[in-house]
Each structure stands twice: as C-alpha cells, then as structure tokens.
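# Fold and contact review
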Amino acid sequence: VLVHYRNFTKGYFRIVKMDKKIKEETGTDSWNDTYWQRLLQLPDYTSKEYNLPATNDYQDHRVEIALDALPVGEYALIASSDKNFGLKSNALAVQYFYVSDIAYLNNGGNYYVVSLSTGAPLAAAKVNLWQQAYTNQNNRTLARTSISFITDKNGFFSFKDSSKLRPGHSYFLDVSFGNDRLFLD
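Here we summarise the structure given alongside this text. (Residues numbered from 1 in each chain as written. Predicted model: local features only at pLDDT ≥ 70, side-chain atom pairs only at ≥ 80, totals over all residues. Heavy atoms only, no water.)

## Considerations on helix H2 (residues 33–41)
Residues separated by three or four positions in an α-helix point in the same direction, a consequence of the helix having 3.6 residues per turn. All buried positions along H2 are accounted for by Tyr35, Trp36, Leu39 and Leu40. Angularly, the buried residues of H2 cover 120° about the axis, an arc narrow enough to put them on a single face. Contacts from the buried residues of H2 go to strand S2 (10–18), helix H1 (20–26), strand S5 (73–80) and strand S6 (92–99). Where H2 starts, the residue carrying a side-chain oxygen 2.8 Å from the main-chain nitrogen of Thr34 turns out to be Asn32. (Buried < 20%, exposed > 50% of the residue type's maximum accessible area, 1.4 Å probe, protein only. Helix = DSSP H or I, 4+ residues; strand = E, 2+ residues; numbered from the N terminus. Arc of directions from axis to C-beta. Contact = heavy atoms within 4.5 Å. Polar contact = N/O pair within 3.5 Å; in protein donor to acceptor, adjacent residues only side chain to side chain.)

## Let's talk about the nonpolar core
Residues Ile102, Val113, Val127, Phe149, Phe157, Leu173 and Val175 are the most contacted members of the largest nonpolar core, which totals 18 residues. Elements represented by at least two residues in this core include exactly strand S8 (110–115), strand S9 (126–135), strand S10 (140–150), strand S12 (170–177) and strand S13 (180–183). With sequence-adjacent residues up to four places away left out, Leu173 is seen in contact with Tyr104, Tyr111, Val127, Asn128, Leu129, Phe157, Leu182, Phe183 and Leu184. Within the second largest apolar cluster, 12 residues are counted, among which are Leu40, Leu42, Ile78 and Phe85. (Core = buried A, V, L, I, M, F, W, Y, C linked by side-chain atoms within 4.5 Å.)

## Overview of the sheet that holds strand S11 (residues 156–158)
In sheet architecture, strand pairing relies on hydrogen bonds along the backbone and comes in two forms, parallel and antiparallel. With antiparallel pairing, three strands are arranged side by side in an open sheet as S7-S8-S11. Each edge of the open sheet carries a strand with a single partner, namely strand S7 (102–107) and S11. Adjacent strand axes in the sheet meet at a mean angle of 25° when their direction is disregarded. Pairing between S7 and S8: six bridges, direction antiparallel. Bridged to Ala103 within S8 is Val114. (Pairing = 2+ DSSP bridges. Axes fitted to C-alpha atoms, helices over the stretch in contact; angles between N-to-C directions.)

## Let's talk about the pattern of salt bridges
With the rule as written, the count across this model stands at seven salt bridges. Note that Lys10 is salt-bridged to Glu49, the shortest N-O span being 2.9 Å. Taken together, the residues span a long stretch of sequence, with Lys10 in strand S2 and Glu49 in strand S3 (residues 44–51) at a distance of 39 residues. For Lys10, a relative accessible area of 28% puts it in the partly exposed group. You can call Glu49 partly exposed: its relative accessible area is 48%. For Lys21, the salt bridge is made with Glu25, and the minimal N-O distance between the two is 3.9 Å. With Lys21 and Glu25 both in helix H1 and four residues apart, the pair spans about one turn of that helix. (Salt bridge = Lys/Arg side-chain N within 4 Å of Asp/Glu carboxyl O.)

From the geometry alone we can't say anything about function, so treat these as descriptive.
Put into structure tokens, the structure is as follows:
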C-alpha cells in the first residue's frame, strides 16, 4: 500500500470487510462525522500499526507498506495517525478496494476477461455494465445495471453499440466468475 503522509511517524490501519449493503448503510458523506462513526463501528478484519520514517520537514512523503494477503472480497482500508481512530484533531482516510483474481483488458469496445494470476481466459464470466447518474428525485447519484454479457470461451465480449450509453454518465464493469467478483466503481 502506498501511504502519503506529512508530520507524523506512526500510521494505524484497519481493514474491514465490505459489501453493497454495508456501503449503502455507511453512506458516502465523508465530510460528516456520522459517516466516520458508522465506518469505525464495523468489525476489523485485521489491523496493523506501522512506524513511518521521521522527516520533520513539513513536506509530503510517500512510503510503501506491506499488508497480509486477503481472501477474495471487497474491503475498506481505514487509516489514521491516532491509534484510537478519534474524530477530533485527527485526519482519517479510507480507500475501498477489491481482492480478486479477475482482470480485464480492452481495446475500444472489445474486452477480454482473464485470470490475473495465470492470464487464462475466463469463459462464461458474467459481466454487468453499470451506469451512474444523478437523480433529482433523491438528490443522489445512483448506479443501475444497464447491459449484461457472458464471455465466450476466450473470455471475450464486445460492446460496440454506443446507442445504449448516455452521454455524461459514468460506467462501471461488474465481473463475476465463480465465487470471485470484480467491481471497480
């Protein structure tokens, strides 16, 4: 994990298991203390403490730290310079991520879904294209599945019909294969 830091020498990290329901319950209002309270109440999957190189120069620095391997799934890495992860006078950061053996390559609208560890094609992988758009009804950004695909024996699928895409909207691929899922949102 690449850590950006300034003016502290200890970093505290929690990893919590996530899923769609937990993310929806936690919300996205990271400027609100309630968001952080909900996030910090989630049970730790693992936690670590690291000594960071002292610099005392008030400049931004970067260091890579090692985390233990995790099983396939969705997680949040929560970082703090305070071991109690307090909300007052302490900066908190969170990064959501997936651990997956799924990867995809694309050239234009042509996609290949492969195993990240072997490079072998993933035949019959399920792919959902999600469309994200702002709605005035809820004053929120919502994501909806718009198109689905199944990869062929070469892990291939093609999306060339741009008439189903709405300009100005964000799109995400949600790929499932067996018990593994990759949804880079």
